[in-house]
Amino acid sequence: MKEKTIYEHLREKGLSRRDFMKLCGTIAGMMGLEFVPPVKALGKTLGPSPEEVVAQALKTKPKVPIIWLEFQDCAGCSEAISRSSSPLLSNLVLNDIAIEYHETLMAAAGFQAEKAKEECMKKYFGKYVLVVEGSPTLADDGIYCTVAGKSNLDLLKEAAAGAAAVIATGNCACFGGIPAAHPNPTRAVGVADLIKDKPVVNIPGCPAIPEVTTGTILHFLILGQLPETDQLKRPLPFYGHTVHDHCLRRPFYEAGKFAGSFDDEGARKGYCLYRLGCKGPTTYNACAGLKWERGLSYPVQSGHPCLGCSEPHFWDGGGFYQGQSAPIVRLDKSSTATLVGVGVAAGAALAGLNAVKKSRAKKDLKKDQSQAAGSDPGSKKEG
Amino acid sequence: MNWTNILNFSRGPLLHVAMIIFVAGLSYRLVRVLLLGWARDRAKNKGSKLWGVIVNYLKGLFVLPFIPWVRRTFRHNELTFIAGGLFHLSLFLVLVFGTAHILVWKSLWGFGWKGLPTPILAFFSAAGIISMIVLLINRLTHPVLKMLTRFPVWINWLVVFLPMITGFIMARHLWFRYEVIFSLHLISVSLLLIWVPFGRISHFLFYFFSKTIHGAQAGKRAVTP
Ligand code: HEM
Ligand code: HEM
Ligand code: SF4
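Reference entry: report on the structure contained in this document. (Residues numbered from 1 in each chain as written. Chains lettered and ligands numbered in written order. Predicted model: local features only at pLDDT ≥ 70, side-chain atom pairs only at ≥ 80, totals over all residues. Heavy atoms only, no water.)

1. Details of the coordination of the iron atom of ligand 2
Residues and elements named next belong to chain B.
Then step 1. Each protein donor to the iron atom of ligand 2 is listed here as His-88 (NE2) and His-203 (NE2); together their distances run 1.9 Å.
Then step 2. For the iron atom of ligand 2, the six donor atoms are set out with angles of 86 to 179 degrees between them, so the coordination reads as octahedral. Within this pair, whereas His-88 is found in helix 4 (residues 78-97), its partner His-203 is found in helix 10 (residues 203-220), the two being separated by 115 residues in sequence. (Donors = N, O, S within 2.8 Å, 3.2 Å for Na, K, Ca; no water. Tetrahedral: all angles 85-135°; square planar, octahedral: opposite > 155°, others 65-115°. Helix = DSSP H or I, 4+ residues; strand = E, 2+ residues; numbered from the N terminus.)

2. Observations concerning the site of ligand 3
All names here are of chain A.
Then step 1. Around ligand 3 sit His-244, Cys-247, Arg-249, Arg-250, Tyr-253, Cys-272, Leu-273, Tyr-274, Cys-278, Gly-280, Pro-281 and Val-300, and those are all the residues in its vicinity.
Then step 2. Structurally, ligand 3 is housed in the second largest cavity.
Then step 3. For the shell around ligand 3, the class distribution of residues is eight nonpolar, two polar and two charged. (Near = heavy atom within 4 Å. 1 Å grid on protein atoms, 1.4 Å probe; cavity = no way out; pocket = protein on both sides within 12 Å on 5 of 7 lines; lining within 4 Å. Sits in = over half its atoms within 2 Å of the grid points. Nonpolar A, V, L, I, M, F, W, Y, C, P; charged D, E, K, R; others polar.)

3. A word on the interface of chain A and chain B
Then step 1. Residue-level contacts link 42 residues of chain A with 39 residues of chain B.
Then step 2. Contact between chain A and chain B buries roughly 3,500 Å² in total, counting both sides, with carbon and sulfur atoms accounting for 61%.
Then step 3. Of all residues in chain A, Arg275(A), Ser325(A) and Leu331(A) bury the most surface against chain B, accounting for 18% of the area lost on that side.
Then step 4. Inspection of the chain A/chain B interface yields zero salt bridges.
Then step 5. Elements supplying a minimum of two residues to the side of chain A that touches chain B: helix 13 (250-255) and helix 17 (333-373) of chain A.
Then step 6. The element best represented in the side of chain A that touches chain B is helix 17 of chain A, accounting for 11 residues. (Contact = heavy atoms within 4.5 Å. Buried area = accessible area lost by both parts, 1.4 Å probe. Salt bridge = Lys/Arg side-chain N within 4 Å of Asp/Glu carboxyl O.)

4. Description of the nonpolar core
Across soluble globular proteins, you tend to see nonpolar side chains buried next to one another.
All names here are of chain A.
Then step 1. Judged by nonpolar contacts, the single largest core of 34 residues is most densely connected at Val-129, Val-131, Ile-167, Val-212, Tyr-298 and Val-300.
Then step 2. Secondary structure elements with two or more residues in this core: strand 1 (66-70), helix 5 (76-82), strand 3 (129-133), strand 6 (165-169), strand 7 (200-203), helix 11 (210-223), helix 12 (236-239) and helix 15 (287-290).
Then step 3. With four residues, helix 11 is the single largest residue contributor to this core.
Then step 4. Lining this core are residues from two domains, each supplying at least three of them: domain 1 (63-234) and domain 2 (241-339).
Then step 5. In contact with Tyr-298, not counting residues within four places along its chain, are Val-243, His-246, Cys-247, Leu-248, Cys-287, Ala-288, Lys-291 and Trp-292.
Then step 6. Of all hydrophobic cores here, the second largest spans 28 residues; its members include Leu-69, Leu-155, Phe-175 and Ala-192. (Core = buried A, V, L, I, M, F, W, Y, C linked by side-chain atoms within 4.5 Å. Buried < 20%, exposed > 50% of the residue type's maximum accessible area, 1.4 Å probe, protein only. Domains from an automatic or database assignment.)

So, in C-alpha cells, the structure goes:
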C-alpha cells in the first residue's frame, strides 16, 4: 500500500485548501526559506515561490517519523517546543508531520514506549530524523545517564545507526552545555563529538528557540536535506548573525551609552547592556530577529544582558554579569602576592649572586695587583 | 579548532599566563633595579627634596608637554614630539576610559567608573594609531635614529601597535567576525604583557623612578629641575 502524503493526511483531518496554502507560507517562513535558495535545494532551474516549494513537498512526501531522545537535560527544550509561540505549528510538526517517539511527550510509558521506539526504528530504518536533547556522557561507559537499563551511549549509537539526519537541540546536546560545565564530572560532550557518520546539525540555546528547532526539522522533511551550517554546525539561516548585530539597543552601544546597573537612569532609558555583562557581540542566535513568544520580546529587549547560551562553554565563559572583556581567569590578591614574592625573590637572589661574584672578582683583582706590585702578600689591611 | 574556542583560550589561560609573567617579571625587574643601588649623594641639603619632586612632575608631565615650544626636544623635531605625545595621551584615554577596558579594571579591582563616549574614543584611538605610524616612519627614515634602533625597539613598536589596531577594528566592527578580532586583540595584548618586563616599555614604571630621584636631587640643591 502506498503511504499517505502529508497533504492527504492533513486534508483528512479537515484542513481546507486555503488553510493549507497559508500553512505552507508560514512553514516557508519558519524554515528561513528566504535565506536558503529553494531552487538549489530542489535541484530545479526555475524558482517557484517558497510556499510552492513547501506545498509541493507536503503533497508528495509521506510523514517522516522523528525519534526524540533525552539524555542529560532539563527537558527545557521540549518544554519550549510544547509551549512555543505557535502551538498550532509545533503541534503540526510533532503530530502531523509526525513524531513517533518522545519519552516525555508520548502517551505510552515503560516497556510499551520502548517497544514503540524499536518498531519505529525498524520500520523507518534509514529514513527517520533523530533529535537529541541533553548531553551524552562518556565517563564510566555512560552509566550516569541510562534509560530502560541502557546507557546513553548505546542508545545514541543504536538510534543514530538508522537515522537519515541527527538534530541536536539545546546547548547540552550541541556542546555539552551545563552538564559539561567545569569540572564536567560525567564527561558530557556534544552529539557531534560522537556521531561522525551521519549529518548532524546543532540548534544550541538554553533552551533552543522552538521555532528554530521546528524550522530545521521542517527544512529536512521538506527539502530532504539539512540547512547550510557554520563552523559549529549551526544552521546559517538562524545563526548567521550575532544578537548584537540585530540588537535594538545597538544605537546606544555605538554612542557609548551604557546602563551601569539594572535600576539606574541608563537602564530606564534602554541603554546598551554591555557593562552589565552582555555577551551579544559574540553570540550567534536568532533571538533578536525571531524573538520569543510570538515575537513579543527577548532577553536583551526585556532588560537582561545576553548570556551567550548558544555558544560553547557559555557556562564557564566568565561571570554572566561580568563584562565580556573581563579576563576569564583573574589574578586574585593571594596569587598576585605570590607572584610578586616570586619575582622579588628571584631578583634578590640574582642580585645577591652578582654581589658575591663581584666582590670575589674584586678580591682576585686586588690579589693580582698586590702580587704584581711585589708587596707583602701577608698583609691584610683591606678586606 | 574554531574561533569560539580560540577566544575562550585567549580570554582564559593565555591572558592568565600573560598576567602571571607580567606581574612576576615586573617585580623581578623592579628589585633588580632597586638593588643596583645608587651613588650616595653627598651634597648638602639646601632646599626641599619634596618640593623638587613636585616641581619636576608638574613641569615634566603636566605643564611643559602642553607648551612644548619651550623645549629643545620639540624644536629639534616637532613631529616626533607631537606624535609621541598624542600616542601616549590616546593610549591613556583608551586604557583608562574605554568601556571594555574599564570592565577589565573592574574585574581586577572590584570597581569601575564612567567611560568616554565612543566617538571620542574612536577619534583618539585613530589618532594614536596614526601617531604610531608616524613614529615608525620617522625611525625608518631618520639617519641617526635608524642606527640607534636595535631589534628590540621594533618589537616594542609592534607589540603596542597590534593591540591598538586590532582594538580599533573590533570596536568599529570592521571586516572580521567579532570573536576573531577579539581573539586577535587578546593574543596581541598577551604578547604585550609578556614582553613588557623584558623590554623598554617598562619605562611606564621606571620613568617615575628617574623623575622622582632627579627631582629630589634638584630640590636638595635648591635648583629648578
Ligand atoms: C586584558 C586586556 C584587554 C582587553 C580584555 C581588551 C578588550 C577590548 C575590547 C573588548 C575592545 C572593544 C570594545 C568594543 O567592542 O567596543 C577593545 C578596544 C580597544 N583596545 Fe583593548 N583590551 C585589552 C587591552 C588593551 C591594550 C593593552 C591596548 C593598547 C595597547 C588596547 C587597545 C585597544 C584599542 C585602541 C581599542 C579601540 C577603542 C576604541 O576605538 O573605541 N587594549 N579592547
Ligand atoms: C606613565 C606612563 C608613561 C610615561 C610617562 C611615558 C613616557 C615616555 C617617554 C618620555 C618616551 C620617549 C622616550 C624615548 O624617546 O626614548 C616614551 C616613548 C615610548 N613609550 Fe612611553 N610612557 C609611558 C607609558 C607607556 C606605555 C604604557 C606604553 C606602551 C604600552 C608606552 C610605549 C612607548 C613607546 C612604544 C615609546 C617609543 C616611541 C617612539 O618610537 O619614539 N609608554 N614614553
Ligand atoms: S545590549 Fe548587548 S547585544 Fe545589544 S548592543 Fe549592547 S552589547 Fe550589543
